[in-house]
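Observations on chain architecture
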Amino acid sequence: MKNKQKKSRRRRIDVNVEELDQIVDRTRQGPLSDTDYDKLKTALHALIEKLLGPANTEKLASVFAEDKTSASPAAPPRAEGSAGHGRNAAQAFSGAQKVAIAHPQLTRGDRCPDCGRGKVYEQKEPKALVRIVGQAPLAATIYELQRLRCNACGQVFTAQEPEGVGPEKYDETAAAMIAQLKYGSGVPFNRLERMEELMGIPLPAATQWEVVAEAAELIKPAHDELIRQAAQGEVLHNDDTSMRVLHLEREPSDQRTGVFTSGIVATDAGRKMALYFTGRQHAGENLAEVLKQRAPELGAPIQMCDAASRNVPKLSEGVKILVANCLAHGRRQFVEVAQSFPQECRYVLEALGRVYYDDAQARQQNLSAQERLQFHQQHSAPVMEELHGWLQAQLAQKKTEPNSALGKAINYMLRHWRGLTVFLRQPGSPIDNNLCEQVLKRAVLHRKNALFYRTLNGAEVGDLFMSLIHTCELNGANSFHYLTQLQRHVQEVTANPTDWMPWNYREMLEHSAGP
């Protein structure tokens, strides 16, 4: 995950408000001394930094505090066009219920009541009126079934429940919504309990856990199939972030103290699969477990990760993998020291900016993997070769101290240069691991709101739902409807889980009932 940007080191100067007032008063009498000038400038810069806060982006203009209106020469030109009004059209509300309202007086073919000469005909598009109403995330319906009792024999006759309403208290949509809120949106069980209580729907946190845990057991075959298909991917991204599990039993010989959530994103034929694993294992170890399900006839996949050794899996004999390192991590080394070495860092960041621009152009042109490789070899390879020579010259010609912050950033790039430039030699290799870092934000969101998992079993349930929910989002499927359908077709999912993957969601709806 991204490290927080280090603050630039400023020379410490002791100053107080009265002294600043005196310095300002002396400006009316004559020029400031060097000491007063330094104090006043330092105080103003400290005030500005306090008001603006740390930069939340690593873009070149933000790193060097440039005017955002000035265009960077390496930045792609913006498409010109009129700005939209910002409102969503009626077609954007795909999940809305549609109600057809007929005209109360007129029908097709009637005489026009205005002119009296023509006839009215129905327009192709009706006028759309969108109305949004508020409701509880989970609603309850009480069916009062009439009961009749015989006064002679005492037999009680109860009305049948409506069609589609079973004896279970919680519908499949209830489990899907709780899982979506908890593991998809970071809403803790206790927070949802309070919200539902305000809406007049008692829903204890313990009950919510029981509902999602039962649903997780039913849809586990879909999650297992997702892991199996991810193992067949062409490119596998991986990384991890820290997590907390309150009750985690460890072996007496286990020397590790950390707990992590690993994120693995596999891409294959335009499909993206997101996997989460929480426990004591690092990202590389979890990736090795996934690759055990890889078909032996497939070639070596590309692994994209940062240069941390714990991200690289220890594979069994005969299994190969092509490791590519994240260029964004190499770039970040220079972003963190840009305030101390602005001229050198600007050169590196601008060079890498041209590479990212080339990659954006390749995506925009929808190039194939081989065409993208040739495009980068033609445009990005000269830039990277020139950058490599510049980095080597900084150390060889002693222009940069190797132990300085800039020297460490240069050494990082040179030490991992082969892994950072795999995209210049291998078709389909990405240039960074940003996709996996975006996936890990869901785990970070859960950690920020729920703080921890209580047990490892709870973490496994969370990993299952996060994997399915985020895979749906990556493939443009509705995760709430998808989870509902999995629960309603447990036997079909168990018998043939391949047909029930998120990217088959639209085809799945064609032969199943609506949610």
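Residues numbered from 1 in each chain as written. Predicted model: local features only at pLDDT ≥ 70, side-chain atom pairs only at ≥ 80, totals over all residues. Heavy atoms only, no water.

1. Concerning the overall build of the protein chain
Within the protein chain, the regular secondary structure consists of 18 helices and nine strands. Looking at the protein chain as a whole, 37% of its 515 residues are labelled buried. Long-range contacts, defined as pairs at least 24 residues apart, comprise 67% of the intrachain contacts of the protein chain with a sequence gap of at least 6. When the accessible area of the protein chain is evaluated, it comes to approximately 32,600 Å², of which 50% is carbon and sulfur surface. (Helix = DSSP H or I, 4+ residues; strand = E, 2+ residues; numbered from the N terminus. Buried < 20%, exposed > 50% of the residue type's maximum accessible area, 1.4 Å probe, protein only. Contact = heavy atoms within 4.5 Å. Areas by Shrake-Rupley, 256 points an atom, 1.4 Å probe, with all protein chains shown as cover.)

2. A look at a nonpolar patch on the surface
A cluster of nonpolar residues, M195, L198 and M199, forms a patch on the protein surface that exposes about 340 Å² of accessible area. Position of M199 relative to the elements: it lies in the loop between α5 (189–198) and α6 (205–218). (Patch = residues over 30% accessible without salt bridge, like charges linked within 9 Å, V, L, I, M, F, W, Y side chains within 5 Å. Salt bridge = Lys/Arg side-chain N within 4 Å of Asp/Glu carboxyl O.)

3. What about the pattern of salt bridges?
For the structure shown, the criterion picks out twelve salt bridges. D171 is the salt-bridge partner of R488, the closest N and O atoms lying 3.6 Å from each other. Of the two residues, R488 sits in helix α16 (residues 479–488) while D171 sits in the loop between β2 (156–158) and α4 (172–184), which places them 317 residues apart along the sequence. Owing to a relative accessible area of 30%, R488 belongs among the partly exposed residues under this scheme. Note on D171: relative accessible area 34%, which makes it partly exposed. Residue E225 is joined to R228 by a salt bridge in which the shortest nitrogen-to-oxygen separation is 2.8 Å.

4. Description of the nonpolar core
Among the nonpolar cores identified, the biggest contains 60 residues, and Y183, F465, Y482 and L483 are the most heavily contacted of them. Core analysis: the next-biggest nonpolar cluster, separate from the first, contains 25 residues, F334, L349, V355 and I431 among them. (Core = buried A, V, L, I, M, F, W, Y, C linked by side-chain atoms within 4.5 Å.)

5. A short note on the packing of aromatic side chains
Applying the stated criterion across every chain yields a total of two aromatic pairs. With a centroid separation of 5.7 Å and 5° between ring planes, the pair formed by Y183 and F465 is classed as stacked. One end of the pair, Y183, is in helix α4; the other, F465, is in helix α15 (residues 456–474), with 282 residues separating them in the sequence. With a relative accessible area of 3%, Y183 lands in the buried category. (Phe/Tyr/Trp six-rings, centres within 6.5 Å; stacked < 30°, edge-to-face > 60°.)

6. A look at the packing of α6 against α15
Relative to each other, α6 and α15 sit at 65°, their axes nearing to 10 Å. Considering how the two elements wind past one another, α6 and α15 form a crossing that is left-handed. Across the interface between the two elements, W209, V212, A215 and A216 from α6 touch N457, G458, V461, L464 and F465 from α15. Residue classes in the contact of α6 with α15 are distributed as seven nonpolar, two polar and no charged. (Axes fitted to C-alpha atoms, helices over the stretch in contact; angles between N-to-C directions. Left-handed = near helix turned anticlockwise from the far one by under 90°. Nonpolar A, V, L, I, M, F, W, Y, C, P; charged D, E, K, R; others polar.)

7. Let's talk about the side chain of D432
Mapping D432 onto the fold places it in the loop between α13 (417–420) and α14 (434–450). Although buried, D432 forms no salt bridge, and the nearest oppositely charged side chain, R363, lies 6.8 Å from it. At a separation of 2.9 Å, a polar atom in the side chain of D432 contacts the side chain of Y356. In this structure the side chain of D432 is engaged in a polar contact, spanning 3.2 Å, whose partner is the side chain of N434. If we skip the residues at most four places from it in the chain, D432 touches H237, M304, C326, L327, A328 and Y356. (Lys, Arg positive; Asp, Glu negative; His and termini not counted. Polar contact = N/O pair within 3.5 Å; in protein donor to acceptor, adjacent residues only side chain to side chain.)

8. As for the side chain of T278
For T278, the location among the structural elements is in strand β6 (residues 271–279). A polar atom in the side chain of T278 sits 2.8 Å from the side chain of T261. Leaving out residues up to four positions away in the same chain, T278 has contacts with M243, V245, V259, F260, T261, Y453, L456, A459 and D463.

9. Brief notes about the confidence of the model for the protein chain
When the pLDDT values of the protein chain are averaged, the result is 87; 88% of them are 70 or greater. Ignoring residues within four places in sequence, the model shows residues 2–8, a span with pLDDT below 50, making twelve contacts including any to other chains. In the model, residues 67–75 has pLDDT below 50 throughout and makes five contacts with residues more than four positions away in sequence or in other chains. (pLDDT = per-residue confidence, 0-100.)

10. Some remarks on the environment of H237
Tracing the chain through its elements places H237 in strand β3 (residues 235–242). Between the C-alpha atoms of H237 and L435, which are 198 residues apart in sequence, the distance is 7.6 Å. If near-sequence neighbours (up to four positions away) are discounted, H237 is found in contact with G263, I264, V265, M304, P430, D432, N433, L435 and C436. There is a polar contact of 3.0 Å between the side chain of H237 and the side chain of N433.

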